[in-house]
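Now for the letters of each chain:
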Amino acid sequence: MPSRRTDPVTVEVVELIGDVVARYHMEYEHAAASHQLTGAQAKVLNMLTLEPMPMRRIAQKLRCEPSNVTGIVDRLETRGLVERRPDPADRRIKLAAPTEEGVQTADRLRESLDFAREPLAGLSAEERTALRDLLRRMLG
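Okay, the pattern of salt bridges next. Overall, the coordinates contain 7 salt bridges when judged by the stated rule. Between D90 and R92 there is a salt bridge; the shortest N-O distance is 2.9 Å. A relative accessible area of 75% places R92 in the exposed class. A cluster of three or more residues bridged by salt bridges with shared partners is formed by D74, E77 and R84.

Here it is as structure tokens:
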């Protein structure tokens, strides 16, 4: 009996996930470039539109060093897309937050990402929910 790691369906699923991730990454980089952003800048801007957060938390989410995030936020701030503001809960902490222009740029960026949206549109609401739940389960 083959192990679960090498059975043909598992091998195919792993390959398909890799293909989806590669295509999404390629389209994300292209969409970011069309807004004169790097992929990392676009990811940070998108994260901040969901909620302002301190540099350390951004770094944790991106799995990188806080000094890298500082550079990314500095460049976004220079472009007027992000601002630093005190955390209302702890004024010693600075939060990175999108400006109105940053929110609009992130919205346009998301609108230009067809790859993720179009294939999912071909799935029913129940299938999308099942896929979401399976992905969450895979990630623990």
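That was the structure; now back to the text.
Where strand β1 (residues 53-54) and strand β3 (residues 90-98) come together, 2 bridges link them in antiparallel fashion. From the neighbouring strand, M53 faces β3, where its bridge partner is A96. Bridge count for strand β2 (residues 82-87) against β3 is 6 bridges, and the pairing is antiparallel. Considered in β3, the bridge of V82 is made with P98. Here β2 hands over to β3 after 2 residues, the two strands then running antiparallel side by side.

Reading the values: the criteria
Residues numbered from 1 in each chain as written. Predicted model: local features only at pLDDT ≥ 70, side-chain atom pairs only at ≥ 80, totals over all residues. Heavy atoms only, no water. Salt bridge = Lys/Arg side-chain N within 4 Å of Asp/Glu carboxyl O. Buried < 20%, exposed > 50% of the residue type's maximum accessible area, 1.4 Å probe, protein only. Pairing = 2+ DSSP bridges. Helix = DSSP H or I, 4+ residues; strand = E, 2+ residues; numbered from the N terminus.

Remember that the coordinates give geometry; whether it matters functionally is a separate question.
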